[in-house]
Amino acid sequence: MTTAVTNAHLRGRDGLWTIAIVADGTIASLDPVQPGGAPADPTVIDADGGLVLPAFIDCHLHLDLAYSLDLVAPNTSGTLVEAIGHWSEAKRELTAENVRQRALRAIDDEISFGVGHIRTHVDVGTAAEMRLCEGILAAREATRERIDIQIVVFPQDGIVQDPGALEQMREAMRLGCDVIGGIAHNERTEADSRRHIDLLFDLAEEFDADIDCHIDETDDPRSRCTEVLAAKTVERGWQGRVTASHVCALASYDDEHAARVISLLVEGRVHVITNPGVNLHLQGRGDRYPKRRGLTRVSELIDAGINVSAGQDCIRDPFYPLGTGNMLEVGHLLIHADHLSTPAGIERVADCITDNPAKALRLDGYGLAVGKRADLVILDAADMTEVFRTRQAPRCVLRGGRRVMGC
Ligand code: FE2
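Residues numbered from 1 in each chain as written. Predicted model: local features only at pLDDT ≥ 70, side-chain atom pairs only at ≥ 80, totals over all residues. Heavy atoms only, no water.

Draft legend 1. Main features of the packing of aromatic side chains. Scanning all chains against the criterion turns up zero aromatic pairs. Above the face of the Trp17 ring, Arg13 is positioned so that its terminal group lies 4.7 Å from the ring centre. Sitting over the ring of Tyr67, Arg105 keeps its end group 3.6 Å from the ring centre. (Phe/Tyr/Trp six-rings, centres within 6.5 Å; stacked < 30°, edge-to-face > 60°. Lys NZ or Arg CZ within 6 Å of the ring centre and 35° of its normal.)

Right, here's the structure in full:
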């Protein structure tokens, strides 16, 4: 058990600090380092001037897809539509054990990069049945001492156009999943997309659960699901409990309509998650030049007061052949894609992989503050710009004061 981390740089504070940790694994105090250096105590970790952050959060991941690239037909167009098609076929053959093993590999990757909390989506529906969900539940159980995982039930093939999905979603929630997922734009018609969103709120009420919906993951400016989700959030009284993931079409709307949608998101206190690597890769495929970047309007959303986070989304799967589980790489891509390389921009991106997703996932005990759980990463670099520049794995990862990795 670690009793303190000393000689640590902290975000937003000058000088070096000591973080004291008590036996229940929470942070007892944050104090400036006194002259004379650290005591020779084996329970005290010397950060040696490195930056210490709360553990990273990967708020949008598909553990059931991780490392599936070689199990599916090649995605020759590189598009979302082709990936969904190949995955729909492949998942009919997957066993829960295959899913569990691939998920465990990805979870180990994420832990090695200092991720302490994951929100993963898991496919449920006619093609997936409950096999993928069972594999992910088993992987969560096997790793619960090392990482926290929220599971979102995700009807990848739609709900209206996949009539078996709704009951599978219910079953997955009964088995222990946490959040109602959706993919509102993946229905046959606009009316079906609206129906899809209504069904998400019905399920959320039934299970008293939050919602995290893939939405408008397209460059098509006529895709208008986000405004429906935001308006329904207000209508159904679910403010603060809904997350809109991707929201790519917002970047293709004209400014006037985008402003209207953003004001609805503010009214619903809807959280937004962007997945910069995957959306840079999947979107803009139909463009000549200039090519759209595909990400939602990250800076405008933050300026409007919306809680924005960033996720890895995919690790070596038919949607995205790259991805490592390193949230610093996700941040690095976001810095480039949304011109967030100013000092203030860098801090915003740091928030997108720490404090902001903690709000979206409603993690009460999270943060580098007195009384919070000592889930910490100790980095070699001394400031956030250098942390993103080098993107190195943490030297040490603590969970509730216990050493999970390194040191
Ligand atoms: Fe996703």
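Draft legend 2. Representation of unusual backbone geometry within the structure. In this model, Tyr289 is joined to Pro290 through a cis peptide bond whose omega is 0 degrees. Relative to the assigned elements, Pro290 resides in the loop between α8 (276-282) and α9 (298-303). Phi is positive for Arg269, close to 45 degrees, though the residue is something other than glycine. Arg269 gets classed as exposed once you look at its relative accessible area, which sits at 52%. You will see that Arg316, though not glycine, has its phi angle at about 45 degrees, which is positive. Inspection of the secondary structure puts Arg316 in the loop between β13 (308-310) and α10 (327-337). (Helix = DSSP H or I, 4+ residues; strand = E, 2+ residues; numbered from the N terminus. Buried < 20%, exposed > 50% of the residue type's maximum accessible area, 1.4 Å probe, protein only.)

Draft legend 3. The arrangement of the coordination of the iron ion in detail. Protein ligation of the iron ion involves His60 (NE2), His62 (NE2), His214 (NE2) and Asp313 (OD), the donor distances falling in the range 2.1 to 2.5 Å. Metal-centred angles of 86 to 178 degrees between the four donor atoms at the iron ion mark the site as irregular. Each donor residue of the iron ion belongs to the same chain, and together they define the spacing H-x1-H-x151-H-x98-D. Of this pair, His60 sits in strand β6 (residues 56-61) while Asp313 sits in the loop between β13 and α10, and the two are 253 residues apart along the sequence. Classification of His60 by relative accessible area gives buried; the value is 0%. (Donors = N, O, S within 2.8 Å, 3.2 Å for Na, K, Ca; no water. Tetrahedral: all angles 85-135°; square planar, octahedral: opposite > 155°, others 65-115°.)

Draft legend 4. Spatial organisation of the state of the cysteines. As enumerated under the stated definition, the model contains one disulfide in all. Disulfide partner of Cys396: Cys407, at an S-S distance of 1.7 Å. Taking the sign of the torsion about the S-S bond as the criterion, the disulfide between Cys396 and Cys407, at about -100 degrees, is left-handed. In this pair, Cys396 sits in strand β15 (residues 396-399) while Cys407 sits in the segment after β16 (402-406), placing the two residues eleven residues apart along the sequence. You can call Cys396 buried: its relative accessible area is 0%. Considering cysteine sulfurs only, Cys352 is the nearest to Cys59, which forms no disulfide, with 8.6 Å between them. No disulfide involves Cys314; its sulfur sits 12 Å from that of Cys248, the nearest cysteine. Overall, Cys314 belongs to the buried group, its relative accessible area being 2%. (Disulfide = S-S within 2.5 Å.)

Draft legend 5. Broad picture of the side chain of Arg241. Considering the arrangement of structural elements, one finds Arg241 in the loop between α6 (225-235) and β11 (242-246). Of the polar contacts made by the side chain of Arg241, one reaches the side chain of Asp210; its length is 2.7 Å. Discounting chain neighbours no more than four positions away, the residues touching Arg241 are Asp208, Ala209, Asp210, Ile211 and Arg362. (Polar contact = N/O pair within 3.5 Å; in protein donor to acceptor, adjacent residues only side chain to side chain. Contact = heavy atoms within 4.5 Å.)

Draft legend 6. Region of interest: the environment of Arg131. In this fold, Arg131 is placed in helix α3 (residues 131-143). With relative accessibility at 17%, the residue Arg131 sits in the buried group. With 240 residues separating them along the chain, Arg131 and Gly371 place their C-alpha atoms 39 Å apart. Filtering out sequence-adjacent residues up to four positions away, Arg131 remains in contact with Lys91, Arg92, Glu93, Leu94 and Ala96.

Draft legend 7. Local environment of the sheet that holds β15. The strand order across the open sheet built from four strands is β5-β14-β15-β16, with neighbouring strands paired in antiparallel fashion. Sheet topology places β5 (52-54) and β16 at the edges, where each strand pairs with a single neighbour. Taking each pair of neighbouring strands and ignoring which way they run, the sheet shows an average axis angle of 20 degrees. (Pairing = 2+ DSSP bridges. Axes fitted to C-alpha atoms, helices over the stretch in contact; angles between N-to-C directions.)

Draft legend 8. Up close: the sheet that holds strand β1 (residues 4-8). The strand order across the open sheet built from four strands is β3-β2-β1-β4, with neighbouring strands paired in mixed fashion. Looking at which strands have only one partner, the edges of the open sheet turn out to be β3 (27-32) and β4 (44-46). Adjacent strand axes in the sheet meet at a mean angle of 15 degrees, parallel and antiparallel pairs treated alike. Pairing between β1 and strand β2 (residues 17-21): three bridges, direction antiparallel. Within β2, the position partnered with Ala4 by the bridge is Ala20.

Draft legend 9. Up close: the nonpolar core. Ranked by size, the top nonpolar core spans 106 residues in total, and within it Leu63, Ile180, Ile211, Ile215 and Phe388 carry the most contacts. The residues that make up this core include at least three from each of domain 1 (4-54 + 366-406) and domain 2 (56-360). Setting aside chain neighbours within four positions, we find Leu63 in contact with Ala103, Ala106, Ile107, Ile118, Thr120, His121, Ile136 and Ile149. (Core = buried A, V, L, I, M, F, W, Y, C linked by side-chain atoms within 4.5 Å. Domains from an automatic or database assignment.)

Draft legend 10. Geometry of the domain arrangement of the protein chain. Each assigned domain of the protein chain is listed with its residue range as follows: domain 1 (4-54 + 366-406) and domain 2 (56-360). Using C-alpha coordinates to define each centre, domain 1 is positioned 31 Å away from domain 2. Opposite the 20 residues of domain 1 that make contact, domain 2 presents 28 residues. A combined buried area of about 1,900 Å² lies between domain 1 and domain 2, and 62% of that area is made up of carbon and sulfur atoms. (Buried area = accessible area lost by both parts, 1.4 Å probe.)

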